[in-house]
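Observations on chain architecture
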Amino acid sequence: DGGITQSPKYLFRKEGQNVTLSCEQNLNHDAMYWYRQDPGQGLRLIYYSQIVNDFQKGDIAEGYSVSREKKESFPLTVTSAQKNPTAFYLCASSTLSGAFEQFFGPGTRLTVL
Amino acid sequence: LAKTTQPISMDSYEGQEVNITCSHNNIATNDYITWYQQFPSQGPRFIIQGYKTKVTNEVASLFIPADRKSSTLSLPRVSLSDTAVYYCLVGDRMDTGRRALTFGSGTRLQVQP
């Protein structure tokens, strides 16, 4: 089945540690995105990538880093510089034309202990 | 990106029609209107998109008046499973420079039995 997978579903981190969230898609989409969602809030864009080996900062990129070495993969690293990392993280992908339809993964819930 | 305004929450009963209105006074000529649905602890799911007049698919209808400064998502005969948060988004479908979406806080729909 085509879709987006994220792992792990739940992640616990100690303060001061970096942690990497995985996102993989087999939809052959060019664009991939990372969003953060806090309780009761909408989604905020962290980073996005439209092509391999290129990515752009979103609205809240500080304390995060990404890579896009393969079309299918767009991992997100939450660094120790991110002040309030506890949140629900969503990865999405889309084509670069046509409808504004983004396909979302199931999300990773990160908790900093 | 055009700012959108939606009601924070709405209540309905099973079998009723629900209309959620979104205001987007600063919508630009090339902007499309898109609606997403999100269940708790899941990623948003695309519902419908339109540019003007009326669009209908198997789950919803989207009504857009001639001035395009607002839009209404119509859900016919809602069921308990339609309880979710609904997001209205406005964006330029042709803007390949940034196809990432800006999500507001959405409208929390609660369907009662």
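Worth saying up front: this structure is predicted, and the values here are computed from it rather than measured.

Topic: the sheet that holds strand β7 (residues 70-75) of chain B
Residues and elements named next belong to chain B. In spatial order, the strands read β2-β7-β6-β5; together these four strands make up an open sheet with antiparallel pairing. On the outer flanks of this sheet lie β2 (18-23) and β5 (53-56), each paired with one strand and no other. Across this sheet, the average inter-strand angle for adjacent strands is 15°, counted without regard to direction. The pairing of β5 with strand β6 (residues 61-64) spans four bridges and is classified as antiparallel. Across the sheet, the residue bridging to Thr53 is Ile64, located in β6.

Digging into the packing of aromatic side chains
The geometry of an aromatic ring pair comes down to the distance between the two centres and the angle between the two planes. Within the structure shown, the criterion is met by eight aromatic pairs over all chains. Look at Tyr47 of chain A and Phe55 of chain A: their rings are 5.9 Å apart centre to centre, the planes differ by 80°, and that puts the pair in the edge-to-face class. Residue classification places Tyr47 of chain A among the buried positions, given a relative accessible area of 8%. Their ring planes at 50° and their centres at 5.1 Å tell us that Tyr32 of chain B and Tyr51 of chain B sit as a pair that is tilted. Taken together, the positions of Tyr32 of chain B in strand β3 (residues 31-38) and Tyr51 of chain B in the loop between β4 (45-50) and β5 put the pair 19 residues apart, joining distant regions of the chain. When its relative accessible area of 26% is taken as the criterion, Tyr51 of chain B is described as partly exposed. An aromatic cluster is built from Tyr33, Tyr35, Tyr48 and Phe104 of chain A together with Tyr36 and Phe46 of chain B, whose rings are joined through pairwise contacts.

Analysis parameters
Per chain, residues are indexed from 1 in the order of the written sequence. Following the order in which they are written, the chains are lettered starting with A and the ligands numbered starting with 1. Given that this is a predicted model, residues contribute local features only at a pLDDT of at least 70 and side-chain atom pairs are listed and counted only at 80 or more, while totals for whole chains, interfaces and linings are drawn from all residues. Just so you know, side-chain values use all the structure's heavy atoms and leave hydrogens and water out. Pairs of strands are assigned from DSSP output, requiring at least two bridges between the strands. Comment: elements are numbered from the N terminus, with helices defined as DSSP H or I runs of at least four residues and strands as E runs of at least two. Inter-axis angles, ranging from 0 to 180 degrees, are taken between N-to-C directions of lines fitted to C-alpha atoms, where helices are fitted over the stretch in contact. Each pair of aromatic rings taken from Phe, Tyr and Trp, with Trp reduced to its six-membered ring, is defined by centres within 6.5 Å and is described as stacked if the planes are under 30 degrees apart, edge-to-face if over 60, and tilted in the remaining cases. Each residue's exposure class comes from its accessible area (1.4 Å probe, protein chains only) as a fraction of the maximum for that residue type: buried when under 20%, exposed when over 50%, partly exposed otherwise.

That's the geometry; what it means functionally is another story.
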